[in-house]
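One-letter residues, chain by chain:
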Amino acid sequence: MVPLSQVWTVASYVIGKKLKGVKRYPLVLMLEPLFRCNLACAGCGKIQYPDHILNRRLTPEQCWAAAEECGAPIVSIAGGEPLVHKEIDRIVEGLIRMKRYIYLCSNALLLKKRLDLFKPSKYLTFSIHLDGLKEEHDESVCREGVYETAVEGIKEAVKRGFRVTINSTLFDGANPERVRAFFDEAMRLGIEGIMVSPGYSYQKAPDQEHFLQRNKTKELFKQILKDRKKSWKFNLSPLFLEFLQGNIEYDCTPWGNPTYNVFGWQKPCYLLQDGYAKSFKELMESTPWEKYGFRSGNPKCANCMVHSGYEATAVNDTFGSWRGFAKTVKATLSL
């Protein structure tokens, strides 16, 4: 289960912003200390840069400064593969001192070897990338044996007392029954919960054929989550899961998950690259937010239903009114 301290931290943060009348605020800092990875997944748009870019790294000091400047209570450390970064332990240690709740996203190929660099903490969660059962996941990451290695890493991390979640991205052609079986298998590993999201069509990704269209996303998640099992635990807003099924209509909150990487603050979000800002303040003040999101009519946003764009919208709905809170309670009780 998510620690109550984390739930309270996020809730009080959002309510505090509401009471102050702040309309745009970050919920999760998407921190990319590098783009280099030890996999070459066909659906990834982060590893297609030339070597001189892939060899660049953010320093721990730059990471801490970004977290301080942004102020979001949660930091998702992505990439690339964060465990490739030689100072990832220092980055994490510094963020823990700042009392940020960290989700370290990893493919887990190096997890067992690098676990000794970390200590179990309520502030640190390993978010392991698994896109389904062995056959589906190994096909997704374009290498055999990755699923088994990841599962070994998950088991070892759970055994040592670390918080562990699974982060799954689903693409066109996903079999609902196989996904449901995967959820069963994932929960048997002793993880805290599952994060699941439809894939987004990165322009740089080699495979552009298997990203879900909006109508297909809704139909897929309706089939997956129909009569969902009580044993399934999701590390997501219940309202976001309702959104994925088409039961609620939301627009994107692109400023909810700002991204900081080797180029600076990425405009407008983790998934699109329309320039960079030198500071978080510049990002918030100079980005034409009205040009992004489903309702804007921007074709790049037409089929996006990804958690990095809509999770913040769901959280904002929960704490924005008593009606939103009631919807969340109802959705939670139905899980």
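To start, this report covers the structure provided alongside it.

Definitions and limits used
Sequence order sets the numbering: in each chain, residues are counted from 1 along the sequence as written. It should be noted that, the model being predicted, local features are given only for residues of pLDDT at least 70 and side-chain atom pairs only at 80 or more, the latter also being counted only at that level, while totals for whole chains, interfaces and linings use all residues. To obtain the side-chain values, all non-hydrogen atoms of the structure were included, while hydrogens and water were left out. Here's how the labels work: a residue is buried when its accessible area is under 20% of the maximum for its type, exposed when over 50%, partly exposed in between, all with a 1.4 Å probe on protein chains only. Labels follow the DSSP assignment, with helices taken as runs of H or I lasting at least four residues and strands as runs of E lasting at least two, numbered in each case from the N terminus. Between any two strands, pairing holds if DSSP finds at least two bridges. Any two residues whose heavy atoms approach within 4.5 Å at even a single point are treated as in contact. Throughout this description, the term nonpolar core refers to a set of buried Ala, Val, Leu, Ile, Met, Phe, Trp, Tyr and Cys residues connected via side-chain atoms within 4.5 Å. Note on method: axes are straight lines fitted to C-alpha atoms, helices fitted across the in-contact stretch only, with angles between N-to-C directions ranging 0 to 180 degrees. Cavities and pockets are defined on a 1 Å grid built over the protein atoms alone: a cavity is a set of grid points where a 1.4 Å probe fits but cannot escape, while a pocket is an open set with protein on both sides within 12 Å along at least five of seven lines, and lining residues are those with an atom within 4 Å of any such point. Grid points are joined across faces, edges and corners, and a volume is the space filled by probe spheres set on the points. Note on residue categories: nonpolar means Ala, Val, Leu, Ile, Met, Phe, Trp, Tyr, Cys or Pro, charged means Asp, Glu, Lys or Arg, and polar means any other residue, Gly included. The labels follow the angle: roughly parallel below 35 degrees, roughly antiparallel above 145, roughly perpendicular from 65 to 115, and oblique for the rest. Take the far helix as your reference; a near helix turned counterclockwise from it by less than a right angle gives a left-handed crossing, and one turned clockwise gives a right-handed crossing. In the sections that follow, a salt bridge refers to a side-chain nitrogen of Lys or Arg positioned within 4 Å of a carboxyl oxygen of Asp or Glu.

Description of the pairing of strand 8 (residues 264-268)
Side chains on a regular strand alternate between the two faces of the sheet.
Then step 1. Among the five residues of strand 8, five are classified as buried, and the element is accordingly described as predominantly covered.
Then step 2. Bridging between strand 7 (residues 259-261) and strand 8 involves three bridges; their strand directions are antiparallel. If you follow Tyr-260 over to strand 8, its bridge partner there is Trp-265.
Then step 3. In textbook terms, the turn of a hairpin is the stretch between consecutive antiparallel strands, and for strand 7 and strand 8 this stretch comprises two residues.

Overview of the environment of Gly-132
Then step 1. Residue placement: Gly-132 occurs in the loop between strand 4 (124-129) and helix 6 (134-141).
Then step 2. Those residues in contact with Gly-132 that lie beyond four places of it in its chain are His-137, Tyr-147 and Phe-182.

So, the nonpolar core
Then step 1. Core analysis: the largest hydrophobic core is formed by 101 residues, its most contacted members being Leu-29, Leu-31 and Phe-183.
Then step 2. Here Leu-29 is in contact with Ala-66, Ala-67, Cys-70, Ala-72, Ile-74, Val-75, Ser-76, Pro-258, Tyr-260 and Trp-265, once residues within four sequence places are set aside.

Comments concerning the sheet that holds strand 6 (residues 193-198)
Then step 1. Strands sit in the order 6-5-4-3-2-1-7-8-9 across an open sheet of nine strands; the sheet is mixed. The open sheet is flanked by strand 6 and strand 9 (273-277), the only strands paired with a single partner. Going across the sheet, the axis of each strand differs from the next one's by a mean of 30 degrees, ignoring polarity.
Then step 2. On top of the sheet, helix 3 (residues 60-70) reaches strand 1 (28-31), strand 2 (74-77), strand 7 and strand 8; it is set at about 155 degrees to strand 1, its chief contact.

Here we look at empty space enclosed by the protein
Then step 1. In total, this model carries one cavity of 30 Å³ or more according to the counting rule given.
Then step 2. Roughly 130 Å³ of volume is contained in the largest cavity.
Then step 3. Lining of the largest cavity is provided by 17 residues; of these, Cys-252, Cys-269, Leu-271, Cys-301 and Cys-304 occupy positions nearest its centre.
Then step 4. Top element by residues in the lining of the largest cavity is helix 12 (residues 307-320). It accounts for three residues.
Then step 5. The residue inventory of the lining of the largest cavity, partitioned by class, reads twelve nonpolar, four polar and one charged.

Quick notes on the packing of helix 3 against helix 4 (residues 88-97)
Then step 1. Packing of helix 3 against helix 4 brings their axes to within 9 Å, and their N-to-C directions diverge by 30 degrees. Judged on the interaxial angle alone, helix 4 and helix 3 are roughly parallel. As helix 3 packs across helix 4, the resulting crossing turns out to be right-handed. On the side of helix 3, the interface is formed by Pro-60, Glu-61, Cys-63, Trp-64 and Ala-67, while helix 4 contributes Arg-90, Ile-91, Gly-94, Leu-95 and Arg-97.
Then step 2. For the contact of helix 3 with helix 4, the per-class residue count stands at six nonpolar, one polar and three charged.

Observations regarding the pattern of salt bridges
Then step 1. Within the structure shown, the criterion is met by 16 salt bridges.
Then step 2. Between Arg-36 and Asp-51 there is a salt bridge, with the nearest N and O atoms lying 3.6 Å from each other. Taken together, the residues span a long stretch of sequence, with Arg-36 in the loop between strand 1 and helix 2 (51-54) and Asp-51 in helix 2 at a distance of 15 residues.
Then step 3. Exposure remark for Arg-36: the relative accessible area of 23% places this residue in the partly exposed category.
Then step 4. Between Lys-134 and Asp-138 there is a salt bridge, with its nearest N and O atoms 3.4 Å apart. With Lys-134 and Asp-138 both in helix 6 and four residues apart, the pair spans about one turn of that helix.
Then step 5. When salt bridges that share partners are traced, they join Glu-61, Glu-87 and Arg-90 into one network.

In short, the description is geometric, and any link to function would need to be established separately.
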